[in-house]
Amino acid sequence: MRYLLILTSLLCFHFSLYAQKICVDRMEHDGSRQIMTDSKKYKIDDAEYSICLKVYETRNTLDWCLLLSSFYYIPRQSEVLLKLGNDSIIYLPVNNVHVGKVTLPGSSYVIGSVVSSFPSTEADYYSSLYALNESDLDNIEKNGIKKIRVSNGVKYRDKDFPSNSLGKFLKKCRKNIIERLNNPLKKKGLFDDF
């Protein structure tokens, strides 16, 4: 009985690692639809990046994007390499970089009778888009991802994925986005069912 409980807990934990939810599904002013999944954080060398998948649907055309965001500097000449399980490489030049201000909360520490307080601060948060096509996504699904390299034009950061965790994550993201695309948004008026 105890073995069954442990096995069930491990299976639930394993599946929750790759569970992905849709966090954005909206119609833009130009009539296009934007869908984005929740992101997952990865430590790539000494920097932490959040990675997710996004799609723009315009007149039955899908534009897929890999989204990388971080507090670490991402320049407008950034590039990403994905090494797949069959050793082929997908090269992704940056499409767009957005820099936003984020307020980091303050904190205070008490050590004995001494209180140290640190006020909240503002920091730059970088979001970058890299265009993916359907064949790239098919290759990722089929072969998995062994390694990622993020370059800022001067230096780069690497991360290996021996268990294909990034590839499995992106596969699940794509699946959830496609399911959402098959269920079109229904426009509601502000006063409907009020």
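Up top you'll find the structure we're talking about.
Residues numbered from 1 in each chain as written. Predicted model: local features only at pLDDT ≥ 70, side-chain atom pairs only at ≥ 80, totals over all residues. Heavy atoms only, no water.

A. Inspection of unusual backbone geometry at higher detail. The residue arginine 59 is not glycine, and still its phi comes out positive at about 50°. Within the element layout of this structure, arginine 59 appears in the loop between strand 4 (47-58) and strand 5 (61-70). On the accessibility criterion, arginine 59 (75% relative accessible area) is exposed. Although it is not a glycine, asparagine 60 sits at a positive phi angle of roughly 65°. Take asparagine 60: it is sitting in the loop between strand 4 and strand 5. Residue class for asparagine 60 comes out exposed when judged on its relative accessible area of 73%. (Helix = DSSP H or I, 4+ residues; strand = E, 2+ residues; numbered from the N terminus. Buried < 20%, exposed > 50% of the residue type's maximum accessible area, 1.4 Å probe, protein only.)

B. The pairing of strand 8 (residues 107-111), seen in detail. When strand 8 meets strand 9 (residues 114-118), the two strands line up antiparallel, connected through five bridges. In the sheet register, valine 110 faces strand 9, and the bridge partner there is valine 115. Connecting strand 8 to the next strand, strand 9, in antiparallel fashion are two residues, including glycine 112 with a positive phi near 65°. (Pairing = 2+ DSSP bridges.)

C. Region of the structure containing the pattern of salt bridges. Counted by the stated rule, this structure contains 13 salt bridges. With a shortest N-O distance of 4.0 Å, glutamate 48 and lysine 41 are connected by a salt bridge. A salt bridge links glutamate 179 to lysine 175; the shortest N-O distance between them is 3.6 Å. Of this pair, glutamate 179 and lysine 175 both sit in helix 3 (residues 165-181), separated by four residues, roughly a single helical turn. Since its relative accessible area comes to 39%, glutamate 179 is described here as partly exposed. A network of salt bridges, in which partner residues are shared, links Glu134, Asp138, Glu141 and Arg174. (Salt bridge = Lys/Arg side-chain N within 4 Å of Asp/Glu carboxyl O.)

D. Local environment of the environment of glycine 106. Its place among the elements puts glycine 106 in the loop between strand 7 (89-104) and strand 8. Beyond its immediate chain neighbours, meaning those up to four positions away, glycine 106 contacts Phe118, Pro119 and Ser120. (Contact = heavy atoms within 4.5 Å.)

E. Quick look at the nonpolar core. Counting 35 residues, the largest nonpolar core has Leu82, Ile148 and Leu166 as its most contacted members. With six residues, helix 3 is the largest single contributor of residues to this core. Other than its neighbours up to four places away in sequence, isoleucine 148 contacts Ile44, Ile51, Val80, Leu81, Leu82, Arg157, Asp158, Lys159, Phe161 and Leu166. One finds Val24, Met36, Cys52 and Leu67 within the second-largest nonpolar core, a separate group that totals six residues. (Core = buried A, V, L, I, M, F, W, Y, C linked by side-chain atoms within 4.5 Å.)

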